[in-house]
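# Per-entry structural report
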Amino acid sequence: MERRLFIRDFRLQVSIGIHDFEKEGPQTVVVNVDLLLEPDGKAHNDHIANVLNYDTVHGSIAKLAASRHFNLQETLVDAILDFCLAQPGVIEARVSTEKPDVYKDCRVGYEAVRRR
């Protein structure tokens with residue numbers, strides 16, 4: 001059995017970018033996270049303590065994104081990947097970020113996948 005925990009279209013205000021105008025204030029960044037979890041054979045017994053709580057993932061990503069200025073989306077993605085792969089039971093993480101307001105005709109972003 002394959003199990004995944006995901007967070008999709010998480011909109012955050014992040015201090016990010018290399019241009020002077022981007023350093024003046026936060027901008028919208030959309031984060032997507034997909035975590036491949038170890039198979040457990042339903043050993044969770046309906047107890048939150050036995051699973052990866054998406055509240056923990058959500059809150060930690062928000063805290064990380066607010067922690068400092070990021071020059072690059074790549075750096076933010078790497079930091080989120082580090083956090084996700086440090087969680088018990090996560091064997092692979094796919095993280096993407098998008099900056100939806102850079103261009104009027106498209107969204108731009110970065111995605112990386114890392115396995116433990």
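In the block above lies the structure referred to throughout.
A brief structural summary. Everything numeric here is computed off the predicted structure, so don't read it as measured data. Within every chain, residues take consecutive numbers counted from 1 along the sequence as written. With the structure being a predicted model, the display of local features is reserved for residues of pLDDT at least 70 and the display and counting of side-chain atom pairs for 80 or more, all residues being used for whole-chain, interface and lining totals. As a rule here, side-chain values come from all non-hydrogen atoms in the structure, and water together with hydrogens is ignored.

### Section: the overall build of the protein chain
Basically, it comes down to this: Helical segments are the DSSP runs of H or I of at least four residues, strand segments are the runs of E of at least two, and each set is numbered from the N terminus. Each accessible area value is a Shrake-Rupley result obtained with a 1.4 Å probe; residue values ignore everything except the protein chains displayed when judging cover. Charged residues are defined narrowly, with Lys and Arg counted positive, Asp and Glu counted negative, and His plus the chain ends left uncounted. Note on charges: their place is set at NZ of Lys, CZ of Arg, CG of Asp or CD of Glu.
Of regular secondary structure, the protein chain possesses 2 helices and 4 strands. Element order for the protein chain, N to C, with α for helix and β for strand: β-β-α-α-β-β. Each of the three principal axes of the protein chain carries a C-alpha extent, and together these read 50 × 25 × 20 Å. For the protein chain, the computed accessible surface area is about 7200 Å², with 49% contributed by carbon and sulfur atoms. Between the centroid of the 15 positive side chains of the protein chain and the centroid of its 18 negative side chains there is a distance of 2 Å.

### Points about the packing of aromatic side chains
The following threshold applies: Stacked, tilted and edge-to-face are the three classes assigned to paired rings of Phe, Tyr and Trp, where Trp is represented by its six-membered ring and a pair needs centres within 6.5 Å; plane angles under 30 degrees give stacked, over 60 edge-to-face, the rest tilted. Either the NZ atom of lysine or the CZ atom of arginine qualifies as a charge over a ring when it sits within 6 Å of the ring centre and within 35 degrees of the ring normal.
Applying the stated criterion across every chain yields a total of 0 aromatic pairs. For the cation-ring pair, Arg8 lies above Phe6, with the distance from its terminal atom to the ring centre recorded as 3.6 Å.

### Topic: the layout of surface pockets
Short version of the rule: Grid spacing is 1 Å over the protein atoms alone, the probe is 1.4 Å, and a cavity is where that probe fits but cannot get out, while a pocket is an open set with protein on both sides within 12 Å along at least five of seven lines and lining residues have an atom within 4 Å of a point. Grid points are joined across faces, edges and corners, and a volume is the space filled by probe spheres set on the points. Side-chain classes are defined by residue name, with Ala, Val, Leu, Ile, Met, Phe, Trp, Tyr, Cys and Pro counting as nonpolar, Asp, Glu, Lys and Arg as charged, and the others, Gly among them, as polar.
Roughly 300 Å³ of volume is contained in the largest pocket. Around the largest pocket sit 17 residues that line it, and His19, Glu22, Gln73, Lys99 and Val102 are the ones nearest its centre. Among the secondary structure elements, those contributing two or more residues to the lining of the largest pocket are α2 (73–85) and β4 (108–115). In terms of residues, the lining of the largest pocket owes the most to one element, β4, which gives 3 residues. Residue composition of the lining of the largest pocket, by class: 7 nonpolar, 6 polar and 4 charged.

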